[in-house]
Amino acid sequence: MLFTAVKVCHYALAGVGWDGGVAIHSCLRLLCLFLVCISKEGGKAIDMKNWARLCSTYFCRCSLGHAVPGRNVSLHASRTHALQQRCPPRTSGPAQAFARHQQRQCHSNHPELLKQDTVQTYLNGLMEEQQLIGRRLQDPALSDCERRGLSRRQLDLSPLASAFQELQCAVQDLVEMETILHSSEREDDQLLALVKEEQNQIAKCIETLQGKLLEKLVPSDRHDARDVILEVAAGRTTGGDICQQFTREIFEMYQNFASYKNWEFDVLNYTPAEYGGLHHAAARISGQRVYRNLKYEGGTHRVQRIPETGLSSRMQRIHTGTMTVIVLPQPNEVDLNIDSKDLRIDTFRSKGAGGQSVNTTDSAVRIVHIPTGITVECQQERSQLQNRDTAMRMLRAKMYRQITDRETEQRHSARKLQVGTRSQSERIRTYNFTQDRVNDHRIGYVARDIKEFLRGGEPLDELIRELLKCAQKEALLELIENSSQRKSGHF
Amino acid sequence: MGAFGRMCARLGHALSPQKIWGLSLARGLCDHGGAGGAVCCPPLPSVGRPTVEGCVALWEGLFHERGVPEPRLSSEYIIAHILGAKTLASLGSDRRTELLTDAQTRRVWELCAKRLRRMPVQYVIEEWDFRELTLRMRPPVFIPRPETEELVGLVLTDLRAGGGGDSPRVLEVGCGSGAVALSLLHGLPQASVVAVDRSSEAISLTRANTLMLGLQDRLEVLQLDVSLDPRAVVSRCAPVDVLVSNPPYLFSTDMATLEPEILRYEDHAALDGGDEGMSVITQILALAPCVLSLGGKLYLEVEPRQPALVQQAVSEGQEAGLRYSATHTDLYGRPRFCVLQRI
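None of these values were measured; they are calculated from a predicted model.

Reading the values: rules and limits
- Residues numbered from 1 in each chain as written.
- Chains lettered and ligands numbered in written order.
- Predicted model: local features only at pLDDT ≥ 70, side-chain atom pairs only at ≥ 80, totals over all residues.
- Heavy atoms only, no water.
- Helix = DSSP H or I, 4+ residues; strand = E, 2+ residues; numbered from the N terminus.
- Contact = heavy atoms within 4.5 Å.
- Buried < 20%, exposed > 50% of the residue type's maximum accessible area, 1.4 Å probe, protein only.
- Areas by Shrake-Rupley, 256 points an atom, 1.4 Å probe, with all protein chains shown as cover.
- Axes fitted to C-alpha atoms, helices over the stretch in contact; angles between N-to-C directions.
- Parallel < 35°, antiparallel > 145°, perpendicular 65-115°, else oblique.
- Left-handed = near helix turned anticlockwise from the far one by under 90°.
- Nonpolar A, V, L, I, M, F, W, Y, C, P; charged D, E, K, R; others polar.
- Phe/Tyr/Trp six-rings, centres within 6.5 Å; stacked < 30°, edge-to-face > 60°.
- Lys NZ or Arg CZ within 6 Å of the ring centre and 35° of its normal.
- Core = buried A, V, L, I, M, F, W, Y, C linked by side-chain atoms within 4.5 Å.
- Pairing = 2+ DSSP bridges.
- pLDDT = per-residue confidence, 0-100.
- Buried area = accessible area lost by both parts, 1.4 Å probe.
- Salt bridge = Lys/Arg side-chain N within 4 Å of Asp/Glu carboxyl O.
- Polar contact = N/O pair within 3.5 Å; in protein donor to acceptor, adjacent residues only side chain to side chain.
- Right-handed = clockwise from strand over helix to strand, strands pointing away.

**Side note on the overall build of chain B**
When helices and strands are tallied, chain B shows 13 helices and nine strands. Summarising the internal contacts of chain B: among those between residues at least 6 apart in sequence, 67% fall at separations of at least 24.

Okay, here's the thing in structure tokens:
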């Protein structure tokens with residue numbers, strides 16, 4: 001109590017240009033409130049830290065509010081307090097506010113997910129395991145091998161444990177704020193407003209912490225942060241060029257999406273079809289967490305429309321076409337070793353003497369990896385060396401994809417959202433122009449305004465966010481199921 | 001009308017919107033093209049304006065008709081260049097259906113006429129890419145070949161691994177357009193290069209490219225002939241850590257089999273290496289021990305039959321002070337690069 005009084009005075013002195021009378025008046029009010037609370041709780045210890053913070057923010061607001069009207073006092077005061085440092089700092093600006101709004105939308109189902117019984121049991125189980133490990137590690141009669149194993153497990157669990165602790169603390173703070181709110185009987189608007197604001201802040205903090213906890217619970221795909229090579233290929237129809245036109249529109253959609261997300265989009269290969277369509281193309285997309293966002297775009301996309309231009313437009317009938325999207329994570333140099341002896345490189349110059357005796361502008365390169373039969377080609381640049389480098393990069397990505405696909409197939413998974421060879425032939429999305437909607441079949445998501453969707457901006461971003469949420473949920477539930485199976489297997 | 005009509009039919013609907021100006025072309029198309037006869041160029045379209053795609057298809061047909069090699073690529077590169085792009089694919093799909101302006105159409109006809117006379121595309125558009133650089137090209141200065149891109153790669157790998165110390169000095173014999181010298185400077189910010197050539201056109205083109213790329217403070221360009229005046233080369237350039245060269249290495253007997261693009265437009269002195277193609281190479285092998293510092297390396301691009309000859313020359317003691325290090329193959333498995341070391 002004495003400590004609180006000292007703190008209050010400290011902040012009083014820190015105020016600038018305060019009116020002496022107002023200051024004393026505010027001090028007295030705070031002290032009264034404090035005494036009321038103490039008496040109500042029957043001496044139960046209230047977190048002094050919270051109280052000190054409340055008093056000081058209230059005080060600073062009063063004093064500084066008089067001195068410098070319009071200054072955001074609570075921001076200034078709250079920066080000095082430990083609780084705020086646990087949450088991400090407040091940033092200003094419309095872009096960040098929008099981003100936060102979007103994030104909040106994304107995390108909106110986190111409370112429900114975490115409230116589920118299975119998830120709660122799983123979490124509690126992990127916390128118990130952490131404590132058990134802690135106790136066992138203190139046993140001096142532990143063998144080195146066991147100690148190492150336990151330490152490793154402890155290391156694995158510790159980020160999860162700390163995230164869980166932070167969440168518990170934040171929840172407790174919220175409960176205390178509730179208590180303060182209910183216990184203050186006086187219609188002190190300013191104090192009530194302050195408490196409500198604190199509540200909102202803590203609530204936001206909790207949401208972020210819940211998101212962090214979920215992310216730590218579900219192990220992320222180790223490829224998530226990688227750049228990708230995106231390939232598009234037109235499907236086959238019985239006639240007309242609806243597939244090729246559609247392929248071009250989809251490729252442009254991803255190009256626009258890349259610029260929307262501030263990623264780099266380098267075209268590696270572009271093979272146009274006749275009449276303005278696209279036969280197949282490839283691009284390298286690099287930036288932040290590209291693979292994580294694009295991994296569920298791979299698969300067969302279907303289009304239904306009455307074509308306005310091209311050969312098919314003569315008959316006003318609904319045509320159906322398909323195109324395939326393939327998303328390949330780019331491996332690091334060390335991940336993959338390709339022996340140059342296994343490669344056959346074909347260019348225009350492969351035949352004949354080459355060298356000074358031939359001048360050509362045909363710098364297309366085709367590389368065949370003989371053991372696996374994977375073929376890549378590139379004719380994007382005028383320099384043959386650059387085409388070769390690009391082709392090698394595509395080859396590495398395809399070979400890497402083969403290896404990871406094998407790993408995925410070995411894992412028996414019933415997930416709806418799969419990233420693997422099986423999904424290549426599955427129809428994942430339908431773009432219906434006549435009904436003006438886009439339908440993702442895996443999560444039953446429907447988007448309207450297909451023209452806006454094909455511009456590759458916010459609508460596509462939203463769909464991808466929904467896919468990621470769903471994937472996260474499935475991954476978590478699968479993880480819990482596997483662990484409970486393992487546990488039941490022990491008994 | 002016959003040939004042109006057949007071509008129109010083959011190109012199909014790509015021409016149908018422009019049939020009017022297509023027909024007006026047919027009136028002017030003459031088919032002289034004999035040995036010594038001037039090659040007639042079709043006149044500009046008098047009615048209507050062509051689209052980009054239509055133009056590319058038309059000129060592809062014309063090149064094919066006249067036996068110009070790589071008709072599609074020639075047409076694409078020339079027209080893309082006029083529109084300000086390197087390749088047709090890099091123009092967006094919407095630009096490809098645009099109509100060309102009158103000035104652009106005139107330019108297309110002007111440049112494609114040169115191609116009809118078998119001028120290499122690189123000379124027609126006056127530029128080409130070499131590794132990451134874009135360089136100006138001008139006849140008769142030798143156009144860099146893709147194999148030379150690998151030669152630069154070899155030198156860069158060795159120098160980046162520490163050979164030559166922190167600020168390596170490089171001498172290039174026969175710089176031509178400056179491709180090798182400028183690529184090395186671009187890839188090694190600490191290196192300095194002396195580039196030497198006996199042709200004044202090569203020297204001025206190298207200087208122009210150097211200024212364009214802003215690398216003039218690390219490159220010295222000298223007009224010298226290593227066969228006629230090796231002592232001048234030694235006194236002005238030595239010592240260097242690396243000697244690199246893509247010398248003329250074709251056998252004199254093979255010169256006649258070259259295609260018109262090379263024979264009519266490129267400097268024969270940059271191609272003809274005399275008997276067994278070794279005349280300039282021998283001069284360089286004699287020069288190397290005088291300019292290279294101890295442990296310095298000589299990199300040569302040669303004809304596939306020549307590494308054996310170079311090895312022979314070195315082992316027979318004709319070139320004291322040089323040891324044959326290695327032969328490297330090019331992309332196609334042909335022995336292409338000789339590496340020697342000063343001992």
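**Topic: the overall build of chain A**
Secondary structure summary: chain A contains 15 helices and 11 strands in total. The buried share of chain A, taken over its 491 residues, is 45%. Entry remark: accessible area of chain A is about 25900 Å², with carbon and sulfur atoms responsible for 52%.

**A few points about the packing of helix H3 (residues 52-66) of chain B against helix H4 (residues 71-82) of chain B**
Residue and element names in this part refer to chain B. Two elements in contact, H3 and H4, have axes whose closest approach is 8 Å; the angle formed by their N-to-C orientations is 140 degrees. Comparing their axes, H4 and H3 come out oblique. Where H3 crosses over H4, the handedness of that crossing is right-handed. Counting all contacts with H3, which are made through Val 52, Glu 53, Cys 55, Val 56, Trp 59, Glu 60, Phe 63 and His 64, the residues of H4 involved are Pro 71, Arg 72, Ser 74, Ser 75, Glu 76, Ile 78 and Ile 79. Residue composition of the contact of H3 with H4, grouped by class: eight nonpolar, three polar and four charged.

**Things to note about unusual backbone geometry**
Residue and element names in this part refer to chain B. In this chain, Pro 139 is followed by Pro 140 through a cis amide linkage whose omega measures 0 degrees. Following the sequence through the fold, Pro 140 ends up in the loop between strand S2 (133-136) and helix H7 (146-160). Residue Pro 239 follows Ala 238 across a cis peptide bond; omega there is -10 degrees. Mapping Pro 239 onto the fold places it in the loop between helix H10 (230-237) and strand S6 (240-245). Here Arg 131, not a glycine, exhibits a phi torsion of approximately 50 degrees, which is positive. Examined against the element boundaries, Arg 131 turns out to sit in the loop between strand S1 (127-130) and S2. Of the residues examined, Arg 131 reaches a relative accessible area of 11% and is grouped as buried. Positive phi outside glycine occurs at Glu 276, with the angle close to 55 degrees.

**Focus on the packing of aromatic side chains**
With the rule as written, the count across this model stands at nine aromatic pairs over all chains. When the centroid spacing of 5.7 Å and the interplanar angle of 85 degrees are considered together, the rings of Phe 257 of chain A and Trp 263 of chain A count as edge-to-face. On the accessibility criterion, Phe 257 of chain A (0% relative accessible area) is buried. Aromatic side chains Trp 59 of chain B and Trp 109 of chain B sit 5.2 Å apart centroid to centroid with 80 degrees between the ring planes, which places their arrangement in the edge-to-face category. Residue Trp 59 of chain B is found in helix H3, and its partner Trp 109 of chain B is found in helix H5 (residues 102-116); the two are separated by 50 residues along the sequence. A network of ring pairs unites the aromatic residues Phe 246, Tyr 431 and Phe 453 of chain A as a single cluster. Between the NZ or CZ atom of Arg 305 of chain A and the centre of the ring of Phe 433 of chain A, over which it lies, the distance is 3.9 Å. The side chain of Arg 305 of chain B reaches across the aromatic face of Phe 251 of chain B, ending 4.0 Å from its centre.

**Here's the deal with the nonpolar core**
Counting 62 residues, the largest nonpolar core has Trp 59, Ile 78, Val 108, Leu 184, Leu 219 and Val 244 of chain B as its most contacted members. If you tally residues by element for this core, the top one is H3 of chain B, at seven residues.

**Considerations on the sheet that holds strand S3 (residues 169-173) of chain B**
Residue and element names in this part refer to chain B. Read across the sheet, seven strands follow the order S5-S4-S3-S6-S7-S9-S8 without closing on themselves; strand pairing throughout is mixed. What marks the edges here is a single partner per strand, and that holds for strand S5 (219-223) and strand S8 (322-329). Shown here is a sheet whose adjacent strand axes are inclined to one another by a mean of 20 degrees, direction ignored. With four bridges joining them, S3 and S6 adopt parallel strand pairing.

**Topic: the confidence of the model for chain A**
Across chain A, pLDDT averages 75, with 68% of residues at or above 70. Note that pLDDT drops below 50 for residues 95-108 of chain A; the model gives that stretch 12 contacts with residues more than four away or on any other chain.

**What about the sheet that holds strand S6 (residues 343-347) of chain A?**
All names here are of chain A. With respect to topology, three strands assemble into an open sheet ordered S6-S7-S8, the strand pairing being antiparallel. In this open sheet, the two strands that pair with only one neighbour each are S6 and strand S8 (374-378). The sheet shows a mean angle of 15 degrees between the axes of neighbouring strands, taken without regard to direction.

**Things to note about the interface of chain A and chain B**
Note on interface size: it is often stated as the accessible area lost on association of the parts. Of the residues lining the interface, 30 residues belong to chain A; the matching set on chain B comes to 40 residues. Regarding the contact of chain A and chain B, the summed buried area is about 3000 Å², with carbon and sulfur atoms giving 48% of it. When the shortest N-O distance is used, the salt bridge between Arg 382 of chain A and Glu 127 of chain B registers 2.8 Å. At the boundary of chain A with chain B, the tally comes to 17 residue pairs in polar contact (both at pLDDT 80 or more). Among the elements of the structure, helix H11 (242-260), strand S2 (264-272), S6 and helix H13 (384-410) of chain A are those that each provide at least two residues to the side of chain A that touches chain B. Counting residues per element, the side of chain A that touches chain B draws most heavily on H13 of chain A, which supplies four residues. Along the lines of polarity and charge, the residues of the side of chain A that touches chain B split into eight nonpolar, 15 polar and seven charged.

**A short note on the pattern of salt bridges**
Oppositely charged side chains can form a pair if their charged atoms are brought close together. Under the definition given, this model contains 34 salt bridges over all chains. Its salt-bridge partner being Arg 107 of chain B, residue Glu 110 of chain B comes within 3.1 Å of it at the nearest N-O pair. With Glu 110 of chain B and Arg 107 of chain B both in helix H5 and three residues apart, the pair spans about one turn of that helix. Overall, the relative accessible area of 35% leaves Arg 107 of chain B in the partly exposed class. Residue Glu 261 of chain B pairs with Arg 118 of chain B through a salt bridge whose shortest N-O separation is 3.0 Å. Placement of Glu 261 of chain B in helix H11 (residues 260-265) and of Arg 118 of chain B in the loop between H5 and helix H6 (121-124) is noted, with a sequence separation of 143 residues between them. Overall, Glu 261 of chain B belongs to the buried group, its relative accessible area being 3%. A cluster of three or more residues bridged by salt bridges with shared partners is formed by Lys 261, Glu 458, Asp 461 and Arg 465 of chain A.

**Regarding the confidence of the model for chain B**
Looking at chain B, pLDDT values average 86 and 87% of them are 70 or higher. In this model, residues 7-38 of chain B is a region of pLDDT below 50 whose contacts with residues beyond four sequence positions or in other chains number 44 contacts.

**Comments concerning the packing of helix H8 (residues 117-137) of chain A against helix H9 (residues 144-183) of chain A**
All names here are of chain A. H9 packs onto H8 with a crossing angle of 135 degrees between their chain directions and a minimal axis gap of 9 Å. As judged from the angle between their axes, H8 and H9 are oblique. Here H8 and H9 pass one another in a crossing that is left-handed. Across the interface between the two elements, Leu 123, Asn 124, Leu 126, Met 127, Glu 129, Gln 130, Ile 133, Gly 134, Arg 136 and Leu 137 from H8 touch Glu 146, Arg 147, Leu 150, Ser 151, Arg 153, Gln 154, Leu 157, Ser 158, Leu 160, Ala 161 and Phe 164 from H9. Taken together, the residues of the contact of H8 with H9 break down into 10 nonpolar, six polar and five charged.

**Overview of the pairing of S3 of chain B**
All names here are of chain B. Most of S3 sits out of view: four of its five residues are buried. Across five bridges, the pairing between S3 and strand S4 (residues 192-197) is parallel. Opposite Arg 169, over in S4, you have Ser 192 as the bridge partner. Regarding the hand of the β-α-β motif, the stretch spanning S3, helix H8 (residues 179-187) and S4 is right-handed.

**Things to note about the pairing of S4 of chain B**
All names here are of chain B. Burial analysis of S4 places five of its six residues in the buried class, the great majority of the element. Bridging between S4 and S5 involves five bridges; their strand directions are parallel. Considered in S5, the bridge of Val 196 is made with Leu 222. You can see the chain leave S4, run along helix H9 (residues 200-213) and come back into S5, and the turn it takes is right-handed.

**Observations regarding the environment of Ile 480 of chain A**
Residue and element names in this part refer to chain A. Looking at the element boundaries, Ile 480 is found in helix H15 (residues 458-490). Of the residues examined, Ile 480 reaches a relative accessible area of 8% and is grouped as buried. In this view, Ile 480 contacts Thr 118, Val 119 and Tyr 122; residues no more than four positions away in its chain are not counted.

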